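# A look at the structure
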There are 2 protein chains.
Amino acid sequence: MGPGPCNPYPEVTQAFTRPLLGHLDAEFIALLDETCERLRAVFRTDNALTFPVSGTGSAGMEAAFVNLVTRGDTVVIGVNGVFGQRMCDLAARCEADVIAVEAEWGAPLDPQRLLEAHPNPTLIAVVHAETSTGVRNDLAELGAAKGDALLLADCVTSLGGIDVRLDDWGVDVAYSGTQKCLGVPPGLAPLSVSDRAMERLLKRPQSWYFDLQMIADYVTGSGARAYHHTAPISMIYALHAGLGVVLDEGLAAAQARHQQCGDLLQDGLESRGFELVPPPGARLPQLTSVRVPESRLPKSVSEADIRKELLNRYGIEIGGGLGAFAGKCWRIGCMGHTARPRNVTLLLAALDELLV
Amino acid sequence: MGPGPCNPYPEVTQAFTRPLLGHLDAEFIALLDETCERLRAVFRTDNALTFPVSGTGSAGMEAAFVNLVTRGDTVVIGVNGVFGQRMCDLAARCEADVIAVEAEWGAPLDPQRLLEAHPNPTLIAVVHAETSTGVRNDLAELGAAKGDALLLADCVTSLGGIDVRLDDWGVDVAYSGTQKCLGVPPGLAPLSVSDRAMERLLKRPQSWYFDLQMIADYVTGSGARAYHHTAPISMIYALHAGLGVVLDEGLAAAQARHQQCGDLLQDGLESRGFELVPPPGARLPQLTSVRVPESRLPKSVSEADIRKELLNRYGIEIGGGLGAFAGKCWRIGCMGHTARPRNVTLLLAALDELLV
């Protein structure tokens, strides 16, 4: 129950044991195509270039930025947590002029402030579900008013857990991770790129590994696929299976399960007097950020001790705070296969035993 | 029996099913540390920064170059196949002055020509085992005479299959892949960086994902590890297990097995009148490159048809030619768990059935 990785679905663990195929084998290419089609379904998009980048979630961020942002571009980035800061770091490495529009950690971003930050930015970038604070930042208002800018969304923690609608919301580039609400171990970064963004890809980014035009020759196209790099076959088996579980359950049903678990947990914590970090209306069900209940820690027991006890006595991992929230907050995930009411019941009962 | 991925060792497939741990879990960190220690054993190095990059083999190449090469650096690169060309492409994207020292495809590089190409290059880069041609390029002579330059080696296809001795040979940076002679599916790029190279890392490379100084804070160090990106846990389980198999067998014994299979295959092909691409003395046992026996193809049967028949009737994948060798050569791998004499016996017998 940390902020990710979640427990993988049993079908995912099983999929890792499939006989290994080559990356140019026709049977594997068919499985890859089906994986991309399933990703389109969970991203709610028709984007042709929708595929898993061969790296963990941050590799999706890097693939998105280095193909679209270059020296002198103006990039407006919403920052209300670690992952917004990380986007600023990367955009600055791409030598963009970065305009960081901040909100208090724990509060959502104000879309109007992002839209008013610059008259004509190259890109507006926002973290949909800020894993460091448990806050949801809304995208639809940005997509509707983005003008000529591209809209980029970090959907690492949102995809599969709450509504993500790239096409309806006008999101041009989105990336995610496998280890959150898709119920797959970490290792791939689902990425989707709109046709509008495809037209603006840099001709030759510094990155060879993440060069989207070269990769597109492998992952899309109808006939023989051009070899770029060797695909991580087993991880793609796993993602294919995880997406299968989500779509078999139904995307809406899977999201409802995440919501149910998040509500149970957040209600349980509030009824015990804990203070949730985000305000009502901006809380993620899949990632609950709660202030450490200092007054309820037993004498000479630290918040880290409580987390260690949860792990050692109950087999429950929860996350500590990141960045400005280190030592001050806990981050509790209900994602993927971990999003089961029984897990919430156990965690609340364990906290009752450990706290005073 | 393609040029990789090979079949994984059964212990590796099993390892994928281990319960998933978090990337900051103490038990996982211990397993990661042991994985790095095992990598040092197969790389024959004491380099502190030796770890699996979170991407496939080419991600290792990218991590090596983008942290060490910047605008205006002089980089001497040996080119006698696709993977040497790929290094030139990447070095040029880093805005280096690239001096490509070529040898005919199928022939090994001349170390003296590489050493004489420039009086004081930043970096000399060579592919140890050129997967596109089956040629071994020697490293020791370069390491002994490199002077102030760093020596970079692509060990994607060599590691585990033939001798790789980073410290003895004076190699400063080496990367590999998991899906060749280590017997693990693709998904990670083992990388090793000498202390000498660590001192020359760029302060702030464009790449955030491959920033080696940030990654070093996670993979090395003794106390709490600084979170950089979420490690691909399951792939690391798999690599840990594969390295365990190799080291249990004994690195020398595993290499001898690769040599035995390569000799069996190459003798078998030559005794049938096939022409091997590399000259004697430069042939890789784990990757045999052979000219397509045009005169022995049945009427109106192409080389691609033969490969398809091998796959469909015998369950054997072999690789076609890459780049300049497309349609002209076959590439046959005996790597990892696939390096078993019985597989060579079957392939030769199948070719006898399919050819005239």
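The rules we used
Residues numbered from 1 in each chain as written. Chains lettered and ligands numbered in written order. Predicted model: local features only at pLDDT ≥ 70, side-chain atom pairs only at ≥ 80, totals over all residues. Helix = DSSP H or I, 4+ residues; strand = E, 2+ residues; numbered from the N terminus. Rg over C-alpha atoms; globule rule 2.2 N^0.38 Å. Buried ≥ 20, exposed ≤ 12 C-beta atoms within 10 Å, placed from the backbone. Contact = placed C-beta atoms within 7 Å. Least-squares fit on C-alpha atoms with pLDDT ≥ 70 in both. Axes fitted to C-alpha atoms, helices over the stretch in contact; angles between N-to-C directions. Parallel < 35°, antiparallel > 145°, perpendicular 65-115°, else oblique. Left-handed = near helix turned anticlockwise from the far one by under 90°. Pairing = 2+ DSSP bridges. Expected span 1.5 Å × (residues − 1). Arc of directions from axis to C-beta. Domains from an automatic or database assignment. Core = buried A, V, L, I, M, F, W, Y, C linked by C-beta atoms within 7 Å. Nonpolar A, V, L, I, M, F, W, Y, C, P; charged D, E, K, R; others polar. pLDDT = per-residue confidence, 0-100.

For chain A, the count of helices and strands is 13 helices and 12 strands. Radius of gyration (C-alpha) of chain A: 20 Å, near the 21 Å computed for a compact globule of 356 residues. Oriented by its inertia axes, the alpha-carbon framework of chain A measures out at about 65 × 50 × 30 Å. Across the 356 residues in chain A, those meeting the buried criterion constitute 58%. Summarising the internal contacts of chain A: among those between residues at least 6 apart in sequence, 72% fall at separations of at least 24.

So, on to the relation of the copies chain B and chain A. Once chain B has been moved 0.0 Å along the axis and rotated by 180°, it coincides with chain A to within an RMSD of 0.0 Å. Here the transformation between the copies is reduced to the relation of a two-fold axis. Relative to the rotation axis, the C-alpha of B:Gly55 is the closest in chain B, positioned 2.5 Å from it. Comparing contact sets, 100% of the residues at the interface of chain B also lie at the interface in chain A, consistent with an isologous, same-surface contact.

All names here are of chain B. One can describe the packing of helix α11 (residues 251-271) onto helix α13 (residues 341-354) by two numbers: an axis separation of 9 Å at closest approach and a directional angle of 15°. Considered as vectors, α11 and α13 are oriented roughly parallel to each other. Here the hand of the crossing between α11 and α13 comes out right-handed. Contact with α11, carried on its side by Gln260, Cys261, Leu264, Leu265 and Gly268, involves Pro341, Val344 and Leu348 of α13 and no other residues of that element.

All names here are of chain B. Pairing is antiparallel in the open sheet, where three strands are placed in the order β10-β12-β11. Of all the strands in the sheet, just β10 (287-291) and β11 (319-320) have a single pairing partner and so form its edges. Both β11 and strand β12 (residues 329-333) contribute to a ladder of two bridges, which runs antiparallel. Within β12, the residue paired with glycine 319 across the bridge is arginine 331.

Time to look at helix α3 (residues 57-68) of chain B. Residues and elements named next belong to chain B. In this model α3 runs 17 Å from its N-terminal to its C-terminal C-alpha over 12 residues, within 8% of the 16 Å that 1.5 Å per residue would give. Extensive coverage of α3 is indicated by the burial of 12 of its 12 residues. Taken as a whole, α3 has its buried residues at Gly57, Ser58, Ala59, Gly60, Met61, Glu62, Ala63, Ala64, Phe65, Val66, Asn67 and Leu68.

Residues and elements named next belong to chain A. Leu212, Ile215 and Val219 are the residues of helix α9 (residues 212-219) that are buried. Seen from one end, α9 has its buried residues packed into an arc of 60°, which puts them on one side. Turning to α9, the residues buried within the fold contact α2 (26-43), β1 (49-53), α3 (57-68) and β9 (189-193). Of the residues flanking the end of α9, it is glycine 221, one or two places downstream, whose phi is positive at about 90°.

Residues and elements named next belong to chain A. Taken domain by domain, chain A comprises domain 1 (10-249) and domain 2 (251-354). In this structure, domain 1 and domain 2 have C-alpha centres spaced 27 Å apart. On the side of domain 2, 24 residues touch domain 1, which itself brings 26 residues to the contact. Every element with two or more residues in the side of domain 1 that touches domain 2 is listed here: α2, β6 (135-136) and α10 (233-249). Considering every element that reaches the side of domain 1 that touches domain 2, the biggest residue donor is α10, with three residues.

This paragraph deals with the nonpolar core. Nonpolar side chains tend to gather and get buried jointly when the protein is soluble and globular. Counting residues in hydrophobic clusters, the biggest one holds 228 residues, and the most contacted among them are A:Ala91 and B:Ala91. Beyond its immediate chain neighbours, meaning those up to four positions away, B:Ala91 contacts B:Phe65, B:Val69, B:Val75, B:Ile77, B:Ala96 and B:Val98.

Attention now goes to the sheet that holds strand β2 (residues 74-79) of chain B. Residues and elements named next belong to chain B. An order of β1-β9-β8-β7-β4-β2-β3 is seen for the seven strands of this open sheet, with the pairing classed as mixed. The open sheet terminates on both sides in strands that have one partner only, identified here as β1 (49-53) and β3 (97-102). Pairwise comparison of adjacent strand axes, ignoring direction, gives a mean angle of 15° for this sheet.

With 40 residues of chain B at the interface, the matching set in chain A holds 40 residues. Taken together, the elements giving at least two residues each to the side of chain B that touches chain A come down to α3, α4 (82-93) and α10 (233-249) of chain B. The biggest single contributor to the side of chain B that touches chain A is α3(B), with four residues. Of the residues belonging to the side of chain B that touches chain A, the class tally is 15 nonpolar, 19 polar and six charged.

Another aspect to go through is the pairing of strand β3 (residues 97-102) of chain A. Here strand β2 (residues 74-79) of chain A runs beside β3(A); their pairing, made up of six bridges, is parallel. Residue pairing for β3(A): A:Ile77 is matched across the bridge by A:Ala100.

Turning to the packing of helix α12 (residues 303-314) of chain A against helix α13 (residues 341-354) of chain A, a few remarks are in order. Pairs of packed helices are described in terms of their axes, by the angle between the two and the distance that separates them. Residues and elements named next belong to chain A. Where α12 meets α13, the axes come as close as 11 Å, and the angle between the chain directions of the two elements is 120°. Between α12 and α13, the angle is such that the two are oblique. Between α12 and α13 lies a crossing whose hand is right-handed. Of α13, the residues touching α12 (which contributes Ile306, Glu309, Leu310 and Tyr314) are Leu346, Ala350 and Leu354. Of the residues assigned to the contact of α12 with α13, the class counts are six nonpolar, no polar and one charged.

The subject of this paragraph is the confidence of the model for chain A. With 100% of its residues at a pLDDT of 70 or more, chain A shows a mean pLDDT of 97. Interface confidence in the predicted complex, given as ipTM, is 0.97; pTM for the same model is 0.98.

Our next topic: unusual backbone geometry. Residue and element names in this part refer to chain A. With an omega of 5°, the peptide bond between glycine 4 and proline 5 qualifies as cis. For proline 5, the position within the fold is in the segment before α1 (10-15). Notably, serine 300 is not glycine yet its phi reads approximately 50°, a positive angle. Along the polypeptide, serine 300 turns up in the loop between β10 (287-291) and α12.

Below, the discussion takes up the environment of B:Ser234. Locating B:Ser234 in the fold gives a position in helix α10. With 28 C-beta atoms packed within 10 Å, B:Ser234 lands in the buried category. When the C-alpha positions of B:Ser234 and B:Asn137 are compared, they lie 33 Å apart, and in sequence the two are 97 residues distant. When sequence neighbours within four positions are dropped, the list of residues in contact with B:Ser234 reads A:Phe16, A:Pro185, A:Gly187, B:Phe16 and B:Leu20.

This part covers the pairing of strand β12 (residues 329-333) of chain A. All names here are of chain A. With respect to burial, β12 is a largely interior element, five of its five residues being buried. Of the two faces of β12, the one lined by Cys329, Arg331 and Gly333 and the one lined by Trp330 and Ile332 are each fully buried. Of the pairings in the sheet, the one linking β10 to β12 comprises five bridges and is antiparallel in character. Along β12, the bridge assignment pairs arginine 291 with cysteine 329.

Residues and elements named next belong to chain A. Tracing the chain through its elements places glutamate 309 in helix α12. Residue glutamate 309 is classed as partly exposed on the basis of its C-beta count, with 16 C-beta atoms lying within 10 Å. As a C-alpha pair, glutamate 309 and leucine 354 span 45 residues in sequence and 8.0 Å in three-dimensional space.

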